[in-house]
Amino acid sequence: MATREGSAWRTLVLVGVVASCAALLVSASYDFSKERIAANERARLLARLDSVLDPALRGRDLATVRFTVTDRELLGTDKPVDVFVATDTGRPVAVIIASVAPDGYNAPIGLLVGLTSSGTITGVRAVSHRETPGLGDQIDIAKSDWIEQFTGTSLTMPDPPLWAVKKDDGHFDSITGATVTSRAVVKALKNTLLYFMQHRDEIFAQATQAASLDHADAD
């Protein structure tokens, strides 16, 4: 009897040890996967940010401050929008705004808009959309170079009234068969430029403050 009880206890202890080890392995695997996923997300974000920077700035060791702003009318959403300010020895040299084109054909279109400190577009990428395959999805740089036409533009090149597609007597080409999508992107970019020019001093002041806090925390 004692032998059977002892055997039962040993079995229970063994099962407990195996269960504990399994739990530890699952926990460690989850932590490792979570860290790897986070690292991959950071790498993708950095690649996207780099793609809309002035080529002269790519690969340089720039300090970057990230914060959020809200402006439904000009940034296309009620939700907070990410703003990234890149600085070189404390001087703002680039701004990237993650604005939204709310009037996409099927759904809002997420954009990354790179700007110089004076408000010239250095690059645009559509980072999320549900536009029609073969038509509106040409906003994706992997599908066509249509979105590259905005590089080098600003609110003075062309003037604000010309920030429209050519079908509407504007400056920009539209995607064949996807005028709604084209209009949505052009309008969103114009509004992003308007937001930046109206809030440039605030953006730079907030970036300077955030950078100072980060520096103080590091010390």
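Conventions and cut-offs
- Residues numbered from 1 in each chain as written.
- Predicted model: local features only at pLDDT ≥ 70, side-chain atom pairs only at ≥ 80, totals over all residues.
- Heavy atoms only, no water.
- Helix = DSSP H or I, 4+ residues; strand = E, 2+ residues; numbered from the N terminus.
- Buried < 20%, exposed > 50% of the residue type's maximum accessible area, 1.4 Å probe, protein only.
- Contact = heavy atoms within 4.5 Å.
- Salt bridge = Lys/Arg side-chain N within 4 Å of Asp/Glu carboxyl O.
- Phe/Tyr/Trp six-rings, centres within 6.5 Å; stacked < 30°, edge-to-face > 60°.

1. Let's talk about the overall build of the protein
Looking only at helices and strands, the protein features 3 helices and 6 strands. Shown N-terminal to C-terminal, the secondary structure of the protein runs as helices and strands in the order α-β-α-β-β-β-β-β-α. Taking all 219 residues of the protein together, 39% fall into the buried category. Sequence-distant contacts, at least 24 apart, represent 46% of the contacts inside the protein between residues at least 6 apart.

2. Description of the pattern of salt bridges
It is possible for side chains of opposite charge to pair when their charged atoms get near one another. In this structure the tally under the stated criterion is 8 salt bridges. The salt bridge involving R60 is made with D88; its shortest N-O contact spans 2.3 Å. One end of the pair, R60, is in the loop between α1 (2-51) and β1 (63-69); the other, D88, is in strand β2 (residues 81-88), and 28 residues separate them in sequence. Exposure remark for R60: the relative accessible area of 41% places this residue in the partly exposed category. Close ionic contact of K143 with D137 constitutes a salt bridge, the shortest N to O distance being 2.9 Å. Residue classification places K143 among the partly exposed residues on the basis of a relative accessible area of 47%. Among the residues examined, D137 registers a relative accessible area of 5% and is labelled buried.

3. Thoughts on the packing of aromatic side chains
Evaluation of the coordinates by the stated rule reveals 5 aromatic pairs. Consider the rings of W163 and F172, whose centres lie 4.7 Å apart with planes at 50°: the pair is tilted. For the residue pair W163 and F172, the accessibility class agrees, reading buried in each case. Through a chain of ring-to-ring contacts, three or more aromatic side chains come together here, namely W146, F150, W163 and F172.

4. Quick notes on unusual backbone geometry
A cis amide bond links M157 to the next residue, P158, at an omega of 0°. Among the structural elements, P158 can be located in the loop between β6 (121-128) and α3 (179-218). In the Ramachandran plot, D169 falls in the positive-phi region, its phi being about 65° despite a non-glycine side chain. Among the structural elements, D169 can be located in the loop between β6 and α3.

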